[in-house]
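Single-letter residue listing:
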Amino acid sequence: MDMDSASSVVLQALTQATSQDTAMLKPAEEQLKQWETQPGFYSVLLNILNNHMLDVNVRWLAVLYFKNGIDRYWRRVAPHALSEEEKTTLRAGLITNFNEPVNQLASGIYSFACSLWTHHTDCFLQQICARDETAALASLERTLLSLKVLRKLTVNGFQEPQQNMEVMGFLNAVFERLKQFLECCRQIGRDSPCREKLEKTIILYTKVLLDFLDYHPCAFIPLIQCSLEFAVSYVFTPAGEGVTFERFIVQCMNLIKMIVKNDAYKPAKNIEDSKPESLEAHKIKSAFFTHPTLTEIGRRLVSHYFLLTEEELAMWEEDPESFAVEETGGDSWKYSLRPCTEVLFLDIFHNYSQTLTPVLLDMVQNLKGPTNVSDPVQLLMKDAVYNAVGLAAFELFDNVDFNQWFNNQLLGELQISHNRYKLIRRRVIWLIGQWIPVKFKSDLRPLLYEVILTLMQDPDLVVRIETATTLKLTVDDFEFRTEQFLPYLESIFGLLFQLLQQVTECDTKMQVLHVISCVIERVNTQIRPYVGCLVQYLPLLWKQSEEHNMLRCAILTTLIHLVQGLGAESKNLYPFLLPVIQLSTDVSQPPHVYLLEDGLELWYVTLENSPAITPELLRIFQNMSALLELSLENLRTCFQIVNGYLFLSPTEFLQNFAESLCQSFCVLLKDITNEGQVQVLKVVEIALKVSPILGAHMFQPLLPAVLRGIVNGEIYPVVMSTYLGIMGRILLQNSSFFSSLLTQMASECGQEIDQLLCNVIEMWVDRMDNITQPERRKLSSLALLSLLPADNGVIQEKFCGIINICVESLHDVMTEDPETNTFKDCMLMSHFEEPKLSDDEEPPTEQDKRKKMLALEDPVHSVSLHQYVYEKLKAQQNLMGDQGFSELMETVDTELVRQLQEFLKGF
């Protein structure tokens, strides 16, 4: 649009659109509608609404068209989206418009919006009565637009809206307007051109109430009574028949639920501590929810809203997978009728269980025994009642003997194989799943597994899918016993695999995969004989799911548990497994956004269970540099993976990747939390542990900072403890490297090497209490003792401190044998033993075994501390002579000497 020529044309159209003369109004509105997608139109509107000399009604209409257009066309992906240049112009124009002189458009817009809404609403109702649906539709559109404005103003425009009479007047008027509009639904029928817009307006009215309740619960208290009367009347009495529609019923149920559940409307446990408004709201609710009202709501929820509809039953027959997934997952309770109904039932039952429990139990009693398969009404009713009993399982704990019910009735119902009875078979197995974590005797489990085995072969797919879900709940339960399940494992696992192959929908495959994963996780290594077919099928499923990342996440989870169950045998999966890990953890590949977390977990468990390194497994580590730059939230798993490689193949891994890893760590340490620093330093510590010489050489760039941290007295105890652990390894197992570090630091600081060594030992002794792990405390003792024998004056000067640390560690690790009255180092390990496991304990991984073998070579576990102390002191005595050594020992506290002699009395 040319700005100069267009302004007068648009202004004329806006002026005509404010007229009450339909002959002028309709053409103007049509013209304005055509301009909505024209470039420059909203810049013209901005000029008009900023012109304070124009008529206020014209400017107000410009505001409405401007807002409506911005809502529709501002987003770049919207059809006919505004250009970036025009958006820049509009932003600048709006920012400068803070001098609005007309109160109706600024600090008095609410009154004006209310008057517009009232006018257009009245026009609509009059035109509907006159059967002028074309005019009515135009008025309804303006009603809807003004109501949108009022909704935002009412909810967000006032800090204390209850003190504004206009706001509360509008909200009270909403109920009457809702009734009028609902009655219009009855009059015009479903084929009317107004019907869709009318239902949209009704929903917007309910949103006004819901939003106001959500943002201003205390201001809403005067509206509780009207809201409950209105919602319950239309949803649970004949008043709603013929006028309500699904989305409106959902909104009414949400309104009831939010009032019932709102914490602001509940008095404190101690009534004296309650706020007056909470007591007022509670009083209103208590007066409304009488025994008859609650009984009617409870019965109606179950007997009407819980019944499967014709559409749902048709879906069951025509598309059983979609039906099964929708039933087990479903949409958000806020928008879909069935989940909304179930959530409302749960909330009301939880808050009024004393009243509703007898009602529900009475409904159960009326359906006792098998139901005639030729009575579809009773079948649907039993399904609904069993649904309610399952949902309220935790509330009914003290009122239902489920174990008896299971034996006396439910088992019998599961054995009725008639096709029409599949409704009940499916509901009963679901019901059992809901009660398993609530009340289900352990000795009934084998009987349940028999039932599951039978139902997994049921002719109906929905029954089989529901049975699989109940199986997951069963094996997930804390009372699950592997030995009870093992006799059924082969058969049930085979049937699960058949189900996985049979279903075709992504969501259903995910659901079945989760069950399979759960079973594998619980039985662990016992799964090994039965997974051959699954192992062959997963590569095909992975290929088929290329466009379905959530299904691929489920496959990754299955692989994680499969690798854990197979242990070292998982190496046979590497041709499929390693490319999956490679793709999932490659941040240059778009799917990593979905797959990364599970991919990293799979990578780690693969390393844990790997019997030996392979070139392909080593090559995947090329992904790690980018991960360390990007994945701060996954750093812990990344460090676990690095450690896994160090334990698996330290020499080959360090030679290939230590340089790039060290560079990544240098960057990380500049901007990371103390906990993150510790994780980085632990990797260095493990590298020194598995390969003292190569580890020190490869991570050399990081080590001067560690030594400086010790000398400067690092203030964070956990960091200092890790520093001392690293330096302890170097001093004890690579003393020449320790000397070179001292020399380098002394040169950088301009200090004497002896003075620097003095500072290190002094700080080590001073911060020994920072070290809480017994292994690290013993390591520090061995490291400092390794400085002996020495004729170095600094070491002799710090001799007392070294002995002090040694005695402390001797107290940590020495246990006394009461029979021989001698001491033994409890940290010594002489050989590797396979642990004896109970049925519920997981066997050690290959990495666990590697750690044990490494520990056998670790000085902490292979060197006797009190023998080492004795040998070092004896060597110092030989170096100095008896007289010199005695003088040295006199520098040690006499009580420490006594304790030391007690530990060494066997030598």
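Residues numbered from 1 in each chain as written. Predicted model: local features only at pLDDT ≥ 70, side-chain atom pairs only at ≥ 80, totals over all residues. Heavy atoms only, no water.

Go over the overall build of the protein chain with me, naming the residues and quoting the values.
Within the protein chain, the secondary structure is distributed over 45 helices and two strands. For the protein chain, whose C-alpha radius of gyration is 38 Å, the value lies well above the compact-globule estimate of 29 Å for 907 residues. A buried classification covers 54% of the 907 residues belonging to the protein chain. When the accessible surface of the protein chain is summed, it comes to about 41600 Å², and 50% of that surface belongs to carbon and sulfur atoms. Put simply, the protein chain has 75 plus and 115 minus side-chain charges, and the middle of one group is 4 Å from the middle of the other. (Helix = DSSP H or I, 4+ residues; strand = E, 2+ residues; numbered from the N terminus. Rg over C-alpha atoms; globule rule 2.2 N^0.38 Å. Buried < 20%, exposed > 50% of the residue type's maximum accessible area, 1.4 Å probe, protein only. Areas by Shrake-Rupley, 256 points an atom, 1.4 Å probe, with all protein chains shown as cover. Lys, Arg positive; Asp, Glu negative; His and termini not counted. Charge placed at Lys NZ, Arg CZ, Asp CG, Glu CD.)

How would you explain the packing of aromatic side chains if you had to name every residue and give the values?
Tallied over the full model, the rule gives 39 aromatic pairs. Considering the side-chain rings of Tyr-110 and Phe-158, the 5.3 Å spacing of their centres and the 85° angle between planes classify their relative orientation as edge-to-face. Linking Tyr-110 in helix H6 (residues 109-129) with Phe-158 in the loop between helix H7 (133-156) and helix H8 (165-188), this pair joins segments that are 48 residues apart in sequence. Overall, Phe-158 belongs to the partly exposed group, its relative accessible area being 23%. Seen in terms of ring centroids, Phe-345 and Phe-349 are 5.4 Å apart; in terms of plane orientation they differ by 45°. Their pairing is tilted. Highlighted residues: Phe-345 and Phe-349, both in helix H16 (residues 337-351), separated by four residues, approximately one helical turn. Taken as a pair, Phe-345 and Phe-349 share a single burial class, namely buried. By way of ring pairs, the aromatic residues Tyr-386, Phe-402, Trp-405, Phe-406, Trp-435 and Phe-440 are connected into one cluster. If you follow Arg-177 out to its NZ or CZ, it ends over the ring of Trp-117, 5.5 Å from the centre. (Phe/Tyr/Trp six-rings, centres within 6.5 Å; stacked < 30°, edge-to-face > 60°. Lys NZ or Arg CZ within 6 Å of the ring centre and 35° of its normal.)

How would you summarise the packing of helix H41 (residues 799-813) against helix H45 (residues 894-903) if you had to cite specific residues and measurements?
As a packed pair, H41 and H45 sit with axes 10 Å apart at the nearest point and diverge in direction by 50°. It follows that H41 is oblique to H45 by the angle criterion. Handedness of the crossing formed by H41 with H45: left-handed. Packed against H41, whose contacting residues are Ile-803, Asn-804, Val-807, Leu-810 and His-811, the element H45 presents Leu-896, Gln-899, Leu-900 and Phe-903 at the interface. Classifying every residue of the contact of H41 with H45 gives six nonpolar, three polar and no charged. (Axes fitted to C-alpha atoms, helices over the stretch in contact; angles between N-to-C directions. Parallel < 35°, antiparallel > 145°, perpendicular 65-115°, else oblique. Left-handed = near helix turned anticlockwise from the far one by under 90°. Contact = heavy atoms within 4.5 Å. Nonpolar A, V, L, I, M, F, W, Y, C, P; charged D, E, K, R; others polar.)

Account for a nonpolar patch on the surface, with residues named and values stated.
Residues Met-550, Val-593 and Tyr-594 make up a contiguous nonpolar surface patch of roughly 340 Å² in combined accessible area. Along the polypeptide, Met-550 turns up in helix H26 (residues 549-566). (Patch = residues over 30% accessible without salt bridge, like charges linked within 9 Å, V, L, I, M, F, W, Y side chains within 5 Å. Salt bridge = Lys/Arg side-chain N within 4 Å of Asp/Glu carboxyl O.)

Give a detailed account of helix H37 (residues 735-749), specifying residues and quantitative values.
For H37, built from 15 residues, the straight-helix expectation of 21 Å at 1.5 Å per residue is met to within 8% by its first-to-last C-alpha distance of 21 Å. Among all positions of H37, only Phe-737, Phe-738, Leu-741, Leu-742, Met-745 and Ala-746 are buried. Buried residues along H37 sit in contact with helix H34 (692-698), helix H35 (703-711), helix H36 (717-733) and helix H38 (753-766). At the exit of H37 stands Gly-750, carrying a positive phi of roughly 70°. (Expected span 1.5 Å × (residues − 1).)

Requested: an account of the pairing of strand S2 (residues 822-825), with residues and values cited.
When a strand is regular, its side chains alternate between the sheet's two faces. Of the two faces of S2, the one holding Phe-823 and Asp-825 is buried and the one holding Thr-822 and Lys-824 is not buried anywhere. One ladder, built from four bridges, connects strand S1 (residues 814-817) with S2; its direction is antiparallel. If you follow Glu-816 over to S2, its bridge partner there is Phe-823. In this antiparallel pair of consecutive strands, S1 and S2, the connection spans four residues, and Asn-821 shows a positive phi of 60°. (Pairing = 2+ DSSP bridges.)

Account for the side chain of Thr-470, with residues named and values stated.
Along the chain, the position of Thr-470 falls in helix H22 (residues 461-476). Look past the residues within four positions of Thr-470 in its chain and what remains in contact with it is Ile-429, Trp-430, Gly-433 and Ile-436.

How would you summarise empty space enclosed by the protein if you had to cite specific residues and measurements?
One number sums up the size of the largest cavity: a volume of about 40 Å³. Residue lining of the largest cavity: Gly-298, Val-302, Phe-345, Phe-349, Leu-356, Val-359, Leu-360 and Met-363, and that is the complete set. Per element, the largest residue contribution to the lining of the largest cavity is four residues, and it comes from helix H17 (residues 353-365). Partitioned by chemical class, the residues of the lining of the largest cavity number seven nonpolar, one polar and no charged. (1 Å grid on protein atoms, 1.4 Å probe; cavity = no way out; pocket = protein on both sides within 12 Å on 5 of 7 lines; lining within 4 Å. Points joined across faces, edges and corners; volume = space filled by probe spheres on them.)

Tell me about the pattern of salt bridges, and name the residues and values.
Inspection of the entire model under this criterion finds 34 salt bridges. The closest approach of N and O atoms between Asp-383 and Arg-427, which form a salt bridge, is 2.9 Å. Linking Asp-383 in helix H18 (residues 376-391) with Arg-427 in helix H20 (residues 422-435), this pair joins segments that are 44 residues apart in sequence. We note that Asp-383, like Arg-427, is buried. Across the salt bridge formed by Glu-846 and Lys-849, the nearest N and O atoms sit 3.3 Å from each other. Placement of both Glu-846 and Lys-849 in helix H42 (residues 846-857) is noted, with a separation of three residues, approximately one turn of the helix. For Glu-846, a relative accessible area of 17% gives the class buried. The structure contains a network of salt bridges with shared partners spanning Asp-383, Arg-426, Arg-427 and Glu-466.

Lay out unusual backbone geometry with the relevant residues and their values.
The omega torsion of the bond from Leu-788 to Pro-789 falls at -5°, within 30 degrees of zero and hence cis. Summarising the element assignment, Pro-789 is placed in the loop between helix H39 (774-785) and helix H40 (793-797). Not every positive phi belongs to a glycine, and His-80 is a case in point at roughly 60°. Relative to the elements of secondary structure, His-80 occurs in the loop between helix H4 (56-73) and helix H5 (84-95). We note that Asn-524 has phi near 55°; this positive angle belongs to a residue other than glycine.

Can you break down the packing of H17 against H18 residue by residue, with the values?
Contact geometry for H17 and H18: axes closest at 10 Å, N-to-C directions at 140°. Classed by the angle they form, the pair H17 and H18 counts as oblique. Crossing angle aside, the handedness with which H17 passes H18 is left-handed. In this structure, H17 contributes Leu-360, Met-363 and Val-364 to the contact, and H18 contributes Val-385, Ala-388 and Val-389.

No statement about biological role is implied by the geometric values presented.
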